[in-house]
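Observations on the three-dimensional arrangement
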Amino acid sequence: MNIILLGPPGAGKGTQARHLVETRGMVQLSTGDMLREAKDSGTEMGNRVSDVMAKGELVTDEIVIGLIREKLEHGAEGGFIFDGFPRTLAQADALGALLETTGNILDAVIEMEVDDTALVERITARSTCGGCGEVYNDKTKPIPADGRCTNCGKENDFKRRADDNEESLKTRLMEYYKKTSPLIGYYYAKGQLTKINGLGEIENVQAAISDVLAVAKSNS
Ligand code: ADP
Ligand code: ZN
């Protein structure tokens with residue numbers, strides 16, 4: 001089963017993708033994570049995209065399509081979760097072609113709906129564990145008082161993203177509405193889109209995604 005999680009920054013795509021990886025053995029393909037890794041390890045491409053990412057703008061289609069192409073060549077038994085890709089119509093077309101040539105199909109596109117106020121609140125309060133990627137939130141899920149990650153136990157290794165500030169977030173939201181939100185219509189027209197409410201408790205969102213996957217499975 002291959003799915004796309006679609007939604008604005010802060011909609012909870014990464015959190016849900018992690019859950020699907022743990023419970024269903026799917027493989028998460030997050031272009032944002034791949035780009036951050038390239039940046040952190042100081043590759044030539046990483047250096048090139050670092051400013052663009054910090055500002056909240058999109059990196060070129062060519063770069064992200066290249067990253068995804070490499071991963072698809074290896075295949076994944078549990079299926080792929082596309083998280084933060086595609087983000088433009090050109091990327092969506094490229095993904096369609098890549099899936100076809102690698103003998104994969106797209107089973108569902110899940111749009112996670114969240115209002116903008118919630119996004120700003122979530123993102124400006126967010127930090128993640130450097131050990132395992134567990135996401136914390138200053139208000140709803142604060143870092144434990146003893147400084148140890150509840151998931152992996154690592155001590156005092158919590159990071160905030162360079163682009164998780166109000167200024168970059170404005171740009172990220174604008175990029176989303178201008179360039180990514182047309183994908184909602186694109187996949188709707190293909191009969192592949194299902195909208196879910198991304199505002200509920202994490203468990204409720206998980207349940208909504210499970211329902212979509214069950215329907216997609218019965219249709220396949
Ligand atoms: P978000 O929390 O905004 O969903 P991501 O981790 O998915 O963040 O992406 C972070 C940044 O990486 C984006 O703002 C953009 O600069 C770059 N990026 C990630 N995926 C893509 C993509 N598919 N196309 C273009 N740029 C991307
Ligand atoms: Zn951890």
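Quick note: structure is the one above.
Everything numeric here is computed off the predicted structure, so don't read it as measured data.

In this section: unusual backbone geometry. Geometrically, the link from Phe 85 to Pro 86 is a cis peptide bond, its omega value of -5° lying close to zero. On the secondary structure map, Pro 86 appears in the loop between strand E3 (80-83) and helix H5 (89-101).

On to the packing of aromatic side chains. Throughout the structure, instances matching the rule amount to 4 aromatic pairs. Judged by centre distance (5.4 Å) and plane angle (80°), the ring pair of Tyr 176 and Tyr 177 falls under edge-to-face. For Tyr 177, a relative accessible area of 37% gives the class partly exposed. A ring pair is formed by Tyr 186 and Tyr 187, whose centres lie 4.9 Å apart and whose planes are at 85°; its orientation type is edge-to-face. Of the two residues, Tyr 186 and Tyr 187, neither departs from the other in class, the shared state being buried. For Lys 141, the ring lying beneath its charged end belongs to Tyr 136, and the centroid distance is 5.1 Å.

The strand order across the open sheet formed by 5 strands is E2-E3-E1-E4-E8, and the pairing between neighbours is parallel. Every interior strand has two partners, whereas the edge strands, strand E2 (27-30) and strand E8 (193-197), have only one. The average angle at which neighbouring strand axes cross in this sheet is 25°, direction not considered. Summarising the sheet, strand E4 (residues 108-113) and E8 pair through 5 bridges and their orientation is parallel. Counted as the bridge partner of Val 109 is Leu 193 from E8. Sitting on the sheet, helix H4 (residues 61-74) touches E2 and E3, and the angle it makes with E3 is about 170°.

By definition of the ideal shapes, four donors in a tetrahedron about a metal sit 109.5 degrees apart, and six donors in an octahedron sit 90 or 180 degrees apart. Coordination of the zinc ion (ligand 2) by the protein involves Cys 129 (SG), Cys 132 (SG), Cys 149 (SG) and Cys 152 (SG), with metal-donor separations of 2.3 Å. Because the angles between the 4 donor atoms bound to the zinc ion (ligand 2) fall within 105 to 113°, the donor set is best described as tetrahedral. Mapping the donors of the zinc ion (ligand 2) onto the primary sequence gives the spacing C-x2-C-x16-C-x2-C. Since its relative accessible area comes to 4%, Cys 149 is described here as buried. You can call Cys 152 partly exposed: its relative accessible area is 36%.

Let's shift gears to the side chain of Asp 164. By the element assignment, Asp 164 lies in the loop between strand E7 (158-159) and helix H7 (166-180). Judged by relative accessible area, which is 12%, Asp 164 ranks as buried. What Asp 164 contacts, discounting residues up to four positions off in sequence, is Ile 123, Thr 124, Arg 126 and Arg 172.

Another point: the packing of helix H1 (residues 13-24) against helix H9 (residues 202-219). For the pair H1 and H9, interaxial distance at closest approach is 11 Å and the crossing angle is 60°. By crossing handedness, the relation of H1 to H9 is classed as right-handed. Between H1, through Thr 15, Gln 16, His 19, Leu 20 and Arg 24, and H9, the contact on the second element is made entirely by Ile 202, Val 205, Gln 206, Ile 209, Ser 210 and Leu 213. Class assignment of the residues belonging to the contact of H1 with H9 gives a composition of 5 nonpolar, 5 polar and 1 charged.

So, on to the nonpolar core. Counting residues in hydrophobic clusters, the biggest one holds 32 residues, and the most contacted among them are Ile 4, Leu 35, Ile 68, Leu 72, Phe 82, Leu 95 and Tyr 187. Those elements that place two or more of their residues in this core are strand E1 (3-6), helix H2 (31-40), helix H3 (44-55), H4, E3, H5 and helix H8 (182-189). Here the element with the most residues in this core is H4; it accounts for 6 residues. Apart from the residues lying within four places of it in its own chain, the contact partners of Leu 95 are Ile 4, Ile 68, Leu 72, Phe 82, Phe 85, Pro 86 and Tyr 187. In this structure, Ala 118, Leu 169, Ile 209 and Leu 213 belong to the second largest nonpolar core, which totals 22 residues.

Another point: the sheet that holds E7. Backbone hydrogen bonds are what pair the strands of a sheet, in a parallel or an antiparallel way. Within the open sheet, the 3 strands sit side by side as E6-E5-E7. Their pairing is antiparallel. Sheet topology places strand E6 (135-137) and E7 at the edges, where each strand pairs with a single neighbour. Of the pairings in the sheet, the one linking strand E5 (residues 126-129) to E7 comprises 2 bridges and is antiparallel in character. Bridging from a neighbouring strand, Thr 128 pairs with Lys 159 of E7.

About the criteria used
Counting from 1, residues in each chain are numbered in the order their sequence is written. The naming scheme follows written order: chains are lettered A onward, ligands numbered 1 onward. Two thresholds apply to this predicted model, a pLDDT of at least 70 for residue-level local features and 80 or more for giving and counting side-chain atom pairs, whereas whole-chain, interface and lining totals are computed over all residues. In computing side-chain values, all of the structure's heavy atoms are included and hydrogens and water are not. Secondary structure is summarised from DSSP: a helix means a run of H or I of at least four residues, a strand means a run of E of at least two, and numbering begins at the N terminus for each. Pairs were defined over the aromatic rings of Phe, Tyr and Trp, the Trp ring being its six-membered one, requiring ring centres within 6.5 Å. Orientation was assigned from the angle between planes: stacked under 30 degrees, edge-to-face over 60, tilted for the rest. For every residue, the accessible area (1.4 Å probe, protein chains only) is compared with the maximum for its type, and the residue is labelled buried under 20%, exposed over 50%, or partly exposed between those bounds. Ring-over charges, as used throughout, are those where CZ of Arg or NZ of Lys falls within 6 Å of the ring centre and within 35 degrees of the ring normal. Strand pairing follows a simple DSSP-based rule, namely that at least 2 bridges must link the two strands. An axis is simply a line fitted to the C-alpha atoms; with a helix, the fit covers only the stretch in contact. Between two such axes, the angle follows the N-to-C directions and lies from 0 to 180 degrees. Residues count as neighbours in contact if any of their non-hydrogen atoms are within 4.5 Å of one another. Counted as donors are the N, O and S atoms within 2.8 Å of the metal, or 3.2 Å for Na, K and Ca, while water is not among the atoms, so some sites may look incomplete. Tetrahedral means four donors with every angle between 85 and 135 degrees, whereas square planar (four donors) and octahedral (six donors) require angles over 155 degrees between opposite donors and between 65 and 115 for all others; sites fitting neither are termed irregular. Should the near helix be turned counterclockwise from the far one by less than a right angle, the crossing is left-handed, whereas a clockwise turn marks it as right-handed. Just so you know the grouping, Ala, Val, Leu, Ile, Met, Phe, Trp, Tyr, Cys and Pro go in nonpolar, Asp, Glu, Lys and Arg go in charged, and all remaining residues, Gly too, go in polar. Here, nonpolar core means buried Ala, Val, Leu, Ile, Met, Phe, Trp, Tyr and Cys residues that are tied together by side-chain atoms lying within 4.5 Å of each other.

Scope: geometric values only; no functional claims are made or implied.
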